[in-house]
Amino acid sequence: IALIMDCGFDDLMTDKEVISMSSQLSRCYSVNKASHRQFKVHVTSFNKRLLARYKGILQNQHLKWKGMSFSSDPYPVTPEEKESLVYLTADSENTIHELEPGKKYIIGGIVDRNRHKCLCFNKANEQGIAHGRLPIGEYIRMASRKVLTTNQVVEIMLEWLKERDWEKAFVKVIPQRKM
């Protein structure tokens, strides 16, 4: 199982949101590295302000990260690749009940405070790739829209790999204020 962090939304974020996205990416690396079972993580469309932040103030720390690859290009959407891609989006009507070996789960690398509704869902549809949502509503009631930070999604997925229990994963990762 691999994760793709789709960072192709730089133009839709404010400078403050790009800073937040860089922090979330760093957190994704940290939780993945510390986990007993790890994902191979591919960060795509890693360019513009996000890349400039890592090259500058963050002193290229991402170049030392093991288990994560970085590309300035978008993730490939070839006919062969399409079969293995699943874009995770809270807007999908398809619920993911388990993480499947051989699949590459795409997480939208955007911080937008819910300004851009259906962004990842529409992108998946435009590219003709599968999409799905985590089964949050089946296990917990959230106080607001079921939209999480990128690092929360990664943490939940890592917890599911460990426990094979969505409810435990959600309760452990999602902050109480959101429930």
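Residues numbered from 1 in each chain as written. Predicted model: local features only at pLDDT ≥ 70, side-chain atom pairs only at ≥ 80, totals over all residues. Heavy atoms only, no water.

This part is about the packing of aromatic side chains. Within the structure shown, the criterion is met by nine aromatic pairs. Ring plane angle 85 degrees and centroid distance 5.8 Å describe the contact between Tyr-54 and Trp-65, whose orientation is recorded as edge-to-face. Placement of the pair is Tyr-54 in helix 2 (residues 48-55) and Trp-65 in the loop between helix 2 and strand 3 (68-70), with a sequence separation of eleven residues. For the pair Tyr-54 and Trp-65, a shared accessibility class is recorded, and that class is buried. Seen in terms of ring centroids, Trp-166 and Phe-170 are 5.7 Å apart; in terms of plane orientation they differ by 15 degrees. Their pairing is stacked. With a gap of four residues between them, Trp-166 and Phe-170 both fall in helix 7 (residues 166-173), about one helical turn apart. (Phe/Tyr/Trp six-rings, centres within 6.5 Å; stacked < 30°, edge-to-face > 60°. Helix = DSSP H or I, 4+ residues; strand = E, 2+ residues; numbered from the N terminus. Buried < 20%, exposed > 50% of the residue type's maximum accessible area, 1.4 Å probe, protein only.)

You can see Arg-115 is positioned in the loop between strand 5 (104-108) and helix 4 (119-127). For the pair Arg-115 and Leu-12, spaced 103 residues apart in the sequence, the C-alpha separation amounts to 9.3 Å. Not counting residues up to four positions away in its chain, the partners in contact with Arg-115 are Leu-12, Met-13, Thr-14 and Glu-17. (Contact = heavy atoms within 4.5 Å.)

The bulk of non-glycine residues show a negative phi, and the bulk of peptide bonds are trans. Backbone geometry places Lys-48, a non-glycine residue, at a positive phi of 50 degrees. Its location among the elements puts Lys-48 in helix 2. The phi dihedral of Arg-164 falls on the positive side, at around 55 degrees, and the residue is not glycine. Assignment of secondary structure puts Arg-164 in the loop between helix 6 (150-163) and helix 7.

Attention now goes to the environment of Val-18. For Val-18, the location among the structural elements is in helix 1 (residues 15-34). Classification of Val-18 by relative accessible area gives buried; the value is 4%. Along the sequence, Val-18 and Gln-59 sit 41 residues apart, while their C-alpha atoms lie 16 Å from each other. Leaving out residues up to four positions away in the same chain, Val-18 has contacts with Asp-10, Met-13, Arg-49, Leu-50 and Arg-53.

Here helix 1 is 20 residues long and its end C-alpha atoms lie 29 Å apart, about the 28 Å a rise of 1.5 Å per residue gives. By the burial criterion, the buried members of helix 1 are Glu-17, Val-18, Ser-20, Met-21, Ser-22, Gln-24, Leu-25, Ser-26, Cys-28, Tyr-29, Val-31 and Asn-32. For helix 1, the secondary structure elements touched by its buried residues are strand 1 (2-6), strand 2 (40-44), helix 2, strand 3 and helix 6. (Expected span 1.5 Å × (residues − 1).)

Quick look at the packing of helix 1 against helix 2 now. Geometry of a packed helix pair, given as the angle between the helix axes and the separation of the axes. Contact geometry of helix 1 with helix 2 gives a least axis separation of 10 Å together with a crossing angle of 60 degrees. In terms of axis orientation, helix 1 runs oblique to helix 2. At the point where helix 1 passes helix 2, the crossing takes the right-handed sense. Residues Asp-15, Val-18, Ile-19, Met-21, Ser-22, Leu-25 and Ser-26 of helix 1 form the contact with helix 2, whose participating residues are Arg-49, Leu-50, Arg-53 and Tyr-54. Residues belonging to the contact of helix 1 with helix 2 are distributed by class as follows: six nonpolar, two polar and three charged. (Axes fitted to C-alpha atoms, helices over the stretch in contact; angles between N-to-C directions. Parallel < 35°, antiparallel > 145°, perpendicular 65-115°, else oblique. Left-handed = near helix turned anticlockwise from the far one by under 90°. Nonpolar A, V, L, I, M, F, W, Y, C, P; charged D, E, K, R; others polar.)

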